[in-house]
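Structure at a glance
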Amino acid sequence: MQQTTKDGASVTGLGATTPLGADVRSTWAAMLEGRSGIVPVEEEWAAALPTRIAGRLAADPAEALGRVRARRLDRCQQAALVAALEAWADAGAPEVEPERLAVVIGTGVGGVLTTLGQDDLLETSGARRVSPYTVPMMMPNGPAAVVSMELGARAGAHTPVSACASGAEAIAMGLDLIRLGRADVVVAGGAESCLHPLTLAAFGQARALSTRNDAPQEASRPFDAARDGFVLGEGAALVVLERPGFAAARGARVHATLAGAATTSDAHHITAAHPAGQVRAIRLALASAGLDALDVGHVNAHATSTEVGDLTEAQSITEAVGTHPAVTAVKSMTGHLCGAAGALGAIATVLALREGTIPATRNLDTPDPQIKLDIVTGAPRHGRWTAALTNAFGFGGHNACLAFTI
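First, a word on what this report is: a plain description of the structure on this page. Here the structure is a predicted model, which is why all the values come from computation and not from measurement. (Residues numbered from 1 in each chain as written. Predicted model: local features only at pLDDT ≥ 70, side-chain atom pairs only at ≥ 80, totals over all residues. Heavy atoms only, no water.)

1. Topic: the packing of helix α8 (residues 166–179) against helix α14 (residues 341–355)
- Put simply, α8 and α14 touch, their axes get as near as 4 Å, and they point 65 degrees apart. Together, G167, A168 and I171 of α8 and G342, A343 and A346 of α14 make up the contact between the two elements.
- Split into classes, the residues belonging to the contact of α8 with α14 amount to four nonpolar, two polar and no charged. (Axes fitted to C-alpha atoms, helices over the stretch in contact; angles between N-to-C directions. Helix = DSSP H or I, 4+ residues; strand = E, 2+ residues; numbered from the N terminus. Contact = heavy atoms within 4.5 Å. Nonpolar A, V, L, I, M, F, W, Y, C, P; charged D, E, K, R; others polar.)

Here it is, written out as structure tokens:
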């Protein structure tokens, strides 16, 4: 076993499937172009719902995996596997002992499409029509299990379930595994696919969703004065983290370094965030990375496009970091990927540092006057930044912050 260390982790692989593209390359290109992946939900069941728009995957993951294989996987698991295979290939398929390879994939609800679909089948057609694969397909740990079996990872297959902070918390856990000497390589991130009448109706009843059904691409508008709720999306995003010495020994290309991470809980309210918990997560992440607030040049905000949520986060960033970093909100283009959102934010942050380009926040027509942040809008911003943060917050008072350097 390796010795415990405070070093960061090398990010050597990136993989994603999102409403903007089937992979990281196409997703990033769409972000830089300011495109939107929000589309109408055209199924008949949507007609009676207040919200009839969503961030649908740009490509069906079942097509990439093959129909036979895909039938035994929930759509959430399919997306996770597609993203994992891309990330693994991007890292150069590292040769690592199975006992030194771990997987950590977070999700908010797991295989909810299987759960609800099989329940419908039970009600209409009886128990004999229920799929024998139902249990492994509906388990929240299904994505991590499937990816661990695909890659032969035996150092652990873990599943943080912390609502919309899940993907970022998974990456934070990956860093912990490396720092504690329990793994040399960790595949970490998040996956979610829960576009269903029940989830759309439930979020709608909570008045959390935008109802701009006539203008889907303009519906997700973080930090805008006219924001009216988030747009539910689906997708998966995974990174390959490596112990720096291991990556160097094999001559791996390093996109960036995960220098630090932190998770906190509010212990305040099941849905309403508390700024103190967010501030503490950001400050702990900076301390974990050995960074000062003034070192941070960019923040990828959680920014879901809810009235209270965006304002709370803006206040937290201002208090914990300041108003000097360039801030962006990629959910303005993808919608809210729930358990995968924090992991996609991490990938966007890594690419912003690597490429020296921050995507613009879409639909920011009239900035909320209460928000004093330097939000990138209109066009991507170019520059050289050496440190950046990405935030992810979830119902239940979950807060996660990741600190990257280059």
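2. Describing the pattern of salt bridges
- The full count for this structure, using the stated rule, is 19 salt bridges.
- For R253, the salt bridge goes to D90, with nearest N and O atoms at 2.4 Å. You can see R253 sitting in the loop between α10 (244–249) and β8 (256–265) and its partner D90 sitting in helix α4 (residues 75–90), a full 163 residues away along the chain.
- A relative accessible area of 28% means that D90 is categorised as partly exposed.
- In this structure, a network of salt bridges that share partners links the residues D60, E63, R67, R75 and E234. (Salt bridge = Lys/Arg side-chain N within 4 Å of Asp/Glu carboxyl O. Buried < 20%, exposed > 50% of the residue type's maximum accessible area, 1.4 Å probe, protein only.)

3. Regarding the pairing of strand β4 (residues 101–106)
- With six of six residues buried, β4 lies mostly within the body of the structure.
- Residues L101, V103 and I105 line one face of β4 and the alternating positions A102, V104 and G106 line the opposite face, and both faces are buried.
- Sheet analysis places β4 next to strand β6 (residues 185–192), joined by six bridges and oriented parallel. For G106, the partnering residue across the bridge sits in β6 and is G190.
- Note: β4 against strand β5 (residues 157–158), two bridges, orientation parallel. Each residue of the ladder has a partner; that of V103, found in β5, is A157. (Pairing = 2+ DSSP bridges.)

4. Focus: the side chain of H302
- You can see H302 is positioned in the loop between β9 (298–300) and α12 (307–320).
- Judged by relative accessible area, which is 8%, H302 ranks as buried.

5. A word on the state of the cysteines
- Scanning the entire structure with this criterion turns up zero disulfides.
- Cysteine C338 is unpaired, with the sulfur of C164 as its nearest cysteine sulfur at 4.4 Å.
- Overall, C338 belongs to the buried group, its relative accessible area being 6%. (Disulfide = S-S within 2.5 Å.)

6. Describing the sheet that holds strand β7 (residues 235–242)
- Spatially, the 11 strands line up as an open sheet ordered β5-β4-β6-β7-β1-β8-β15-β14-β9-β10-β12, and their pairing is mixed. Each end of this open sheet is capped by a strand with a single partner; those strands are β5 and β12 (374–375).
- Sheet topology places strand β1 (residues 9–17) next to β8; three bridges connect them, and they run antiparallel. Across the sheet, residue S10 finds its bridge partner in β8, namely T257.
- Across the face of the sheet, α14 comes into contact with β1, β6, β7, β8, β9, β14 (387–394) and β15 (398–405) while running at roughly 170 degrees to β14.

7. Concerning α4
- With 16 residues, α4 ought to run about 22 Å at 1.5 Å a step, and its terminal C-alpha atoms sit 23 Å apart, in line with that.
- The residue sitting at the N-terminus of α4 and contributing the capping side-chain oxygen is D74; that oxygen lies 2.9 Å from the backbone nitrogen of C76. (Expected span 1.5 Å × (residues − 1). Polar contact = N/O pair within 3.5 Å; in protein donor to acceptor, adjacent residues only side chain to side chain.)

8. Considering the nonpolar core
- Counting 52 residues, the largest nonpolar core has I171, L258 and L402 as the members making the most contacts within it.
- Per element, the largest residue contribution to this core is 10 residues, and it comes from α14.
- Setting aside its immediate chain neighbours within four residues, L258 contacts G8, A9, V11, I171, L175, L241, L402, A403 and F404.
- Membership of the second largest hydrophobic core comes to 30 residues, among which are A262, L286, V299 and A320. (Core = buried A, V, L, I, M, F, W, Y, C linked by side-chain atoms within 4.5 Å.)

Any functional reading would require information beyond the geometric quantities listed.
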